[in-house]
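One-letter residues, chain by chain:
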2 protein chains.
Amino acid sequence: MNDIGSRSSAGPRFEVAPWSIAREGLDPARLAHDESVFGLSNGHVGWRGNLDEGDPRGVAGSYLNGVFEEHPMPYAEEGYGYPQSGQTVINVPNGQIIRLVVDDEPFDVQRGELLHHRRNLDLRDGTLHREADWISPTDRHIRVESTRIVSFSRRSIAAVRYRVHAVSHEIAITIQSEALPNEPLPITHSDPRVQELLTAPLVGVDAAVIGTAATLIHRTRESGLSVAVSMDHSATASGPFPPTLVTEASPDLSRTTVRVVLAPGEHVELIKLVGHDWSSTTSASALRDRTEAAVADAGRAGWDRLVDEQRARLDEYWACADVEVEGEPRLQQAVRYALFQVFQASVRAELRSVPCKGLTGSGYEGHTFWDFEAFVLPVLTSTAPHAAEQVLRWRHSTLPHARDRAEQLHLCGATFPWRTIDGRESSGYWPASTAAFHINADIAGAVLHYVRATGDHAFEREAGLEMLVETARLWMSLGRRDAAGAFHIDGVTGPDEYSAVADDNVYTNLMARLNLRGAAASARRHPEVARTLGVDEAELDEWLSAAAAMSIPFDEIRGVHPQSAGFTDQDLWDLENTTPEQYPLQEHFPYFDLYRKQVVKQADLVLALFFAHEAFTTREKERAFAYYEAITVRDSSLSAAVQAIIAAEVGQLDLAYDYLAEAATLDLDDLHENASEGPHIAALAGVWTAITAGFAGMRDSDDGLRFAPRLPKRVSRLSFGVRIHGQTLRVDVTANTATYLLKDGPSVTVGHFDDRVDLRAGDPVTLEIPEATSAGPRPSQPRGREPRPAAEAFRS
Amino acid sequence: MNDIGSRSSAGPRFEVAPWSIAREGLDPARLAHDESVFGLSNGHVGWRGNLDEGDPRGVAGSYLNGVFEEHPMPYAEEGYGYPQSGQTVINVPNGQIIRLVVDDEPFDVQRGELLHHRRNLDLRDGTLHREADWISPTDRHIRVESTRIVSFSRRSIAAVRYRVHAVSHEIAITIQSEALPNEPLPITHSDPRVQELLTAPLVGVDAAVIGTAATLIHRTRESGLSVAVSMDHSATASGPFPPTLVTEASPDLSRTTVRVVLAPGEHVELIKLVGHDWSSTTSASALRDRTEAAVADAGRAGWDRLVDEQRARLDEYWACADVEVEGEPRLQQAVRYALFQVFQASVRAELRSVPCKGLTGSGYEGHTFWDFEAFVLPVLTSTAPHAAEQVLRWRHSTLPHARDRAEQLHLCGATFPWRTIDGRESSGYWPASTAAFHINADIAGAVLHYVRATGDHAFEREAGLEMLVETARLWMSLGRRDAAGAFHIDGVTGPDEYSAVADDNVYTNLMARLNLRGAAASARRHPEVARTLGVDEAELDEWLSAAAAMSIPFDEIRGVHPQSAGFTDQDLWDLENTTPEQYPLQEHFPYFDLYRKQVVKQADLVLALFFAHEAFTTREKERAFAYYEAITVRDSSLSAAVQAIIAAEVGQLDLAYDYLAEAATLDLDDLHENASEGPHIAALAGVWTAITAGFAGMRDSDDGLRFAPRLPKRVSRLSFGVRIHGQTLRVDVTANTATYLLKDGPSVTVGHFDDRVDLRAGDPVTLEIPEATSAGPRPSQPRGREPRPAAEAFRS
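Note that this is a predicted model, so its numbers are computed, not measured. (Residues numbered from 1 in each chain as written. Chains lettered and ligands numbered in written order. Predicted model: local features only at pLDDT ≥ 70, side-chain atom pairs only at ≥ 80, totals over all residues. Heavy atoms only, no water.)

Undergrad: What's the story with the overall build of chain A in this structure? I'm lost.
TA: Broken down by element type, chain A carries 20 helices and 32 strands. Based on the C-alpha atoms only, the size of chain A along its principal axes is roughly 90 × 60 × 55 Å. With 796 residues in all, chain A has 65% of them scored as buried. (Helix = DSSP H or I, 4+ residues; strand = E, 2+ residues; numbered from the N terminus. Buried < 20%, exposed > 50% of the residue type's maximum accessible area, 1.4 Å probe, protein only.)

Here it is, written out as structure tokens:
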């Protein structure tokens, strides 16, 4: 095989450009990573960036949000309340495949000579473009150009424009465009029952052809979902002979074969439209009609309009969401990449969950976790609030499952699942899932933030209040009063997964307090809805009383908040004698030892410093940040952005910038060597938050937004937008000034350090950034777990 | 089918007799329970009390200590250090089966008319006798008499004398005596890999016939063990025609067919000898030779000698071990039954583990747990010390596995497995296994008690000291010093499985202290051995210093020791609103809720009051007992005896007696409705301990034995024996006096309440029992979890 690129861990893996992610060449060892980076999705349909011709590939991936197979969960020893069935995302029929035969030789980048190969993800167009110049083993030179869209405006549609140019010789071209079910999953389950269910999860129900269009209907065995994939094609050639198209379909395959003979200089162009849908209830025929209608509609619109729509939808997004960074090109690129990923993972999810890897990877079995509500939703709320609303409404729709789960656990209200696709708990290890009740407050927190930021009272009435009420009830039944009246929440697990089943986790208690108070305030805003939910004044009083009595342990000796009661009295993990190969710790040490010692996987108390920022003094934040920095090993991708935010708040701008660099390069540089499983959506969302909450010091409270911006040395200017009540606020920061521009709507008051500023639409206000007080020495991290310097991370 | 008995839960299930357990009739609903009660074993071979003819049956069971199959352990979510393979006891070829054909009608108690059926386990003879009078559907009346032995003197031998009498008619009798491999296990594993491995775990290797003898050799697939079962037969008839014998064998079956025609009044007698052995290393041919030699030897000895040997071995045991109870016939029977079970489970285990269900049931997969060393070994040490030594030597032989496990967990010394057959950890839920490090101190405690009680210095040198050293090293690496120098053991689980992963479990810390001190003392007794183990004075000093600094938390406010640090501050379990159907709690509530509240499954701190009795004042014991009584739900069979012991010590004799009654009737009355899975060996051992340590107040310490006897009202006299340094001490207690008789050997000093008494062999000493001080009110138990009154339990 010819050299199609070489693996290199030094320097950026992708070309540095402000609005695109591109790679010249093809590195077989990095195919799966490329597939994740070049994956396209709209939150409903997801296509990994597999090569058009299907091979070679890292991981084949074509997903439809909500399509999963259900399988038994095995336990070596059973326990009450253990979930009995698990959920795993599966491939829907793969509509990406366009195989190409050049004379009688299949186009395969691993054979012949690949003169040139380039893929380019355009973050403004929302397209993936590919060019390949290839000479076949029989010396036929062709150029392939393809452009892919997963449409933001047409939820079920993905489309490809595929062009083949004959460079040398007269060439007989055969294009086989397919939808291929049961592409293998990158999963090896030790339990053969699971393996069997997931090996070919789709069972054929129907395969139909009308003209150039074909539709496949499949069904999953256990989860009982029907999946429809329709495709249609049109083809033109630049030469005198029109291409012929033949379409066929069976449950194993639908295929359109295009044949044409090209003279040198001629090309053939194929437009492929693929429609996807699924349902647990709709009949196969209705599903077929739906996807065929979507494909026909897209066909009538035509390729150019699909492209225009895509660009228009993104223009709208970027108008507010774009973050401009001057002085650091790789950061500029990484921030836009991160915002693009957050957007495409969520924008058309519409009453479905957003998996932690989005829809362009199958990591974590396609499950959604707390980090969506805690990390991603605030970003969406500030940049694409409609998408945020839709996913919150999905959570609301799962309340029946959450109520059932609470009942099973002998608790009141609702207990949302730690990991799930459809709303039912699918976790297999209770100390790090069932006990991690904070997810309920994280969801409530996202509801409260969304309502505060959007003023969307319809949502609050129809969905938000009920979620707040049910989670408040959960806390009331989960907590208890001690003899002195203090309210405790015992035996729970906070965000740090290297501690578990502890009493009075400060993060959990503070978030529960926000939950209780927020639920009471929301109920008072909507007394008639509250009444239908059975909430009376007495219950509100109980919530507020519990919130006021919430126990927040403090270690007086060390002057810091313990992560949980007694945490700071625990033995310290022997970080000095932990070797680099022993990270992540959970893969090299037993839980029992991690749990009983002070070692932190990911920001927990430090996350509380951010989410519950009003509960801490500046001095407490400084001390806590320094204390926890020394014992946080950052074995989770969720941590760096949070550490960046608090580092910036306590004046450690260099450290904050290093953490931001880590979050920003995590996926593009594949720092955790698992980007092949899909992008880290929550960590990517954290890039935005590290910038806005970190370097712009943005905080949200009942009083509105407040800013305290300070740029890192290497950034000369920073600009970003935030949506507030349907209006757009643009914040522009330089080393010495901050300019606030309200773009539209009625006037808004924001905070700038200790000042309050009234903003009127169209009237920018520029303010000085006060001198920083000295920040003290840079806190130290465990040996070998320091973030790499930003200068190194951003080196071009 | 005719009435062959009826199920009745009221009244004793077996005839009350001092030296036997018998049942008239056959209750099909209670077959599996009967099989456990009538099971025979010698610690090497175990036969459940299946009917000779094999059907009907509850659970087919023929076990060979150490024969198991290995299988994958499934986890819904994997974790570091999780054991990857499990072990499950399997059936060896079933040599019990003797099918009988009466003319052309198979003898089946479910057909025809069963006039009489009786089984009788003779506790002095060590035989199971059966009589059945049966009229076949074709009106042939026969009487079957069988007697079974699993030989204590010939380790591999089980034998049956089987007689058939023709009562009416001339009858053609066919007897098919078999060894049948792969009898089904009462196991349904949800993991099909496990199910498949366990469905027919034995693979035929050889099947050989020589004359009337046949041998089967099988091999297990995964554990790679070879199993040999040989049998031989002799048959005689009282009439003129000798029976014919034909023997055949294939890997699926070995069978001897005996044919004879009996006139009315005549009988045929078959003697069946079955030899069993296994090995992981020995060749099949050597194994075959071994078992055939054992069978041939037993054949030369003859049936009568086998019976005599059995009786002689038991006479020797009972000479010391027998407990006489006057005034309560059911208790008398139950105590002897308990001692018989302890004896037959262990006597010939010889370098193998003793499963918690002995060898007459497959409950808990045939695993051994901490309760063998903690509950059973002290009884064996006091009544059959050689058997105790052998099982301790088995533990010693597993040190390489225990060292590997410690290394895997990054600990020093050795970590013995929570559950195992061959010494490797086979637990699937770490909070209740890996974290239950106390098993190491329990083993050390058994070593120390054994050495103290026997003076067996050879054992101490060859095995005991090494176990003490390795467990002491474990504690040193598991514990830590706080700033003030106190030694803490954090994040461990004590005996109470409704709490887990807690700091400074008082039981664990006190046992670790005994372990450290005992190891140091033993090392000083054997300095040369200690040196070869790398122990120097500095290490001894560290152990003693840690022991002296051991943290033993005490709740000053409540005046009790918390089970673990902070336990008594936890929320109380809502016992008032827990309904009877919600017990056992672990089957109805999630661990997270049980762990964070005060509710105790089984004696934990109260067990510490017994095992570490010198660490508590009488007042502390009284307060602790009352406190923990109120929150102990006794969902484990291990608890009642311990509660009996401490109840007796604090003067609650009636309550103690109720607990003793529960322990004594647990198996015979099937109180937990799981005796079908095998006897509860540790709970049965507890019957002896409840009597000797409870009502006789026996305590063991470095100063020797001490007694403080007080009889319960309904017992007029109690007498038992204890082995001390190879001598026998007999203790005889009445309401007002205690008589101590040393039967042999040099003089011994014992304590009687606050006095010290010198005993010389053959010279009984009778002492007054001092007046009891008033005990205060009877402590209360959780609603519905009080022990049933002894008067009711022992009602005939």
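Having seen the model, we can carry on.
Undergrad: Is there a simple way to think about the pairing of strand β28 (residues 727-734) of chain A in this case?
TA: Within a regular beta strand, the side chains point alternately toward one face of the sheet and then the other, so they alternate between its two faces. Residues and elements named next belong to chain A. By the criterion of burial, β28 is predominantly enclosed, with six of the eight residues buried. Sheet topology places β28 next to strand β29 (residues 737-742); five bridges connect them, and they run antiparallel. Pairing of Leu-729 across the sheet is with Leu-742, part of β29. Connecting β28 to the next strand, β29, in antiparallel fashion are two residues. (Pairing = 2+ DSSP bridges.)

Undergrad: Would you take a moment to explain the packing of helix α7 (residues 385-397) of chain A against helix α9 (residues 438-454) of chain A for this structure?
TA: Each pair of packed helices can be summarised by the angle the axes make with each other and by the distance between the axes. All names here are of chain A. Closest axis-to-axis distance for the α7/α9 pair is 11 Å, and the angle between their directions is 145°. For the pair α7 and α9, the sense of crossing is left-handed. Judged by residue contacts, Pro-385, Ala-388, Glu-389, Leu-392 and Arg-395 of α7 engage Ile-439, Ile-443, Ala-446, Val-447, Tyr-450 and Thr-454 from α9. (Axes fitted to C-alpha atoms, helices over the stretch in contact; angles between N-to-C directions. Left-handed = near helix turned anticlockwise from the far one by under 90°. Contact = heavy atoms within 4.5 Å.)

Undergrad: It is not clear to me how the relation of the copies chain A and chain B should be interpreted in this structure. Could you clarify?
TA: The operation relating the pair of chain copies consists of a rotation about an axis and a translation along that axis. Least-squares fitting of chain A to chain B yields an RMSD of 0.0 Å, with the superposition described by an axial translation of 0.0 Å and a rotation of 180°. Accordingly, the operation relating the two chain copies is best matched by a two-fold axis. No C-alpha of chain A lies nearer the rotation axis than that of A:Tyr75, which sits 2.4 Å from it. When the interface residues of chain A are mapped onto chain B, 100% of them again fall at the interface, so both copies present the same face. (Least-squares fit on C-alpha atoms with pLDDT ≥ 70 in both.)

Undergrad: Honestly, the pattern of salt bridges in this entry has me stumped. Any pointers?
TA: Side-chain pairs of opposite charge can arise where the charged atoms are in close proximity. Residue and element names in this part refer to chain A. Within the structure shown, the criterion is met by 132 salt bridges over all chains. The salt bridge involving Asp-322 is made with Arg-336; its shortest N-O contact spans 2.7 Å. In this pair, Asp-322 sits in the loop between α4 (303-321) and β20 (324-326) while Arg-336 sits in helix α5 (residues 329-346), placing the two residues 14 residues apart along the sequence. The buried category is assigned to Asp-322, whose relative accessible area is 8%. Each of Glu-324, Glu-326, Arg-717, Arg-730 and Asp-732 takes part in salt bridges that share partners, so that together they form one network. (Salt bridge = Lys/Arg side-chain N within 4 Å of Asp/Glu carboxyl O.)

Undergrad: Explain the sheet that holds strand β19 (residues 267-279) of chain B to me, please; I cannot follow it from the model alone.
TA: Adjacent strands of a sheet pair through backbone hydrogen bonds, lying either parallel or antiparallel. Residues and elements named next belong to chain B. If you walk across this open sheet you meet the nine strands as β1-β9-β10-β11-β12-β19-β16-β15-β14, and the pairing is antiparallel. Since the sheet does not close on itself, it has two edges, and those belong to β1 (20-24) and β14 (202-210), each with one partner. Put simply, the sheet's adjacent strands are angled 15° from each other on average, direction ignored. Sheet topology places strand β9 (residues 113-122) next to strand β10 (residues 127-135); nine bridges connect them, and they run antiparallel. By the bridge assignment, His-117 is partnered in β10 with Ala-132. Its contacts with the sheet put helix α3 (residues 284-301) on β12 (157-166), β14, β15 (213-220), β16 (226-237) and β19, and the angle it makes with β19 is roughly 145°.

Undergrad: Help me understand the interface of chain A and chain B, please; the structure alone is not making it clear to me.
TA: Accessible area lost upon the coming together of the parts serves often as the stated size of an interface. The interface of chain A with chain B comprises 41 residues on the first partner and 41 residues on the second. Counting every contact that joins chain A to chain B gives two salt bridges. A salt bridge links A:Glu77 to B:Arg419; the nearest nitrogen and oxygen atoms lie 3.6 Å apart. In this structure, the connection of chain A to chain B is made through 14 residue pairs in polar contact (both at pLDDT 80 or more). Within the residue set of the side of chain A that touches chain B, elements represented by two or more residues are α2 (192-199), α10 (457-478) and α14 (591-595) of chain A. If one sorts the elements of the side of chain A that touches chain B by residue count, α14(A) sits on top with three residues. Among the residues making up the side of chain A that touches chain B, the classes are represented as 18 nonpolar, 12 polar and 11 charged. (Polar contact = N/O pair within 3.5 Å; in protein donor to acceptor, adjacent residues only side chain to side chain. Nonpolar A, V, L, I, M, F, W, Y, C, P; charged D, E, K, R; others polar.)

Undergrad: Even after reading the chapter, I still don't get the packing of aromatic side chains, so can you show me in this structure?
TA: Note on aromatic pairs: each is described by the distance of the centres and the angle between the planes. Residues and elements named next belong to chain A. The tally for this structure, following the rule as stated, stands at 60 aromatic pairs over all chains. Taken together, a centroid distance of 5.7 Å and an interplanar angle of 90° make the contact between Phe-14 and Phe-38 edge-to-face. Separated by 24 residues along the polypeptide, Phe-14 in the segment before β1 (20-24) and Phe-38 in the loop between α1 (31-37) and β2 (40-41) bring together distant segments of the chain. Neither Phe-14 nor Phe-38 differs from the other in exposure class; each is buried. Through successive ring pairs, a cluster of aromatic residues spans Tyr-364, Phe-369, Trp-370, Phe-375, Trp-418, Tyr-507, Phe-610 and Phe-611. Positioned above the aromatic ring of Phe-14 is the side chain of Arg-23, whose terminal nitrogen or guanidinium carbon lies 4.6 Å from the ring centre. (Phe/Tyr/Trp six-rings, centres within 6.5 Å; stacked < 30°, edge-to-face > 60°. Lys NZ or Arg CZ within 6 Å of the ring centre and 35° of its normal.)

Undergrad: Even after reading the chapter, I still don't get the packing of helix α10 (residues 457-478) of chain B against helix α11 (residues 506-525) of chain B, so can you show me in this structure?
TA: All names here are of chain B. It is the contact of α10 with α11, at a shortest axis distance of 9 Å, that shows an interaxial angle of 135°. Taken together, the axis directions place α10 and α11 in an arrangement best described as oblique. The chirality of how α10 crosses α11 is left-handed. Between α10 and α11, the residues in contact are Glu-460, Leu-465, Leu-468, Val-469, Thr-471, Ala-472, Trp-475 and Met-476 and Thr-508, Ala-512, Asn-515, Leu-516, Gly-518, Ala-519, Ser-522, Ala-523 and Arg-525, respectively. Among the residues forming the contact of α10 with α11, the class breakdown is 10 nonpolar, five polar and two charged. (Parallel < 35°, antiparallel > 145°, perpendicular 65-115°, else oblique.)

Undergrad: Quick question: what am I supposed to make of α2(A) here?
TA: Residues and elements named next belong to chain A. Of the positions making up α2, those classed as buried are Val-194, Leu-197 and Leu-198. Looking straight down α2, one finds that the buried residues subtend no more than 90° of arc, so they occupy a single side. On its buried face, α2 is in contact with β5 (68-72) and β6 (85-89). (Arc of directions from axis to C-beta.)

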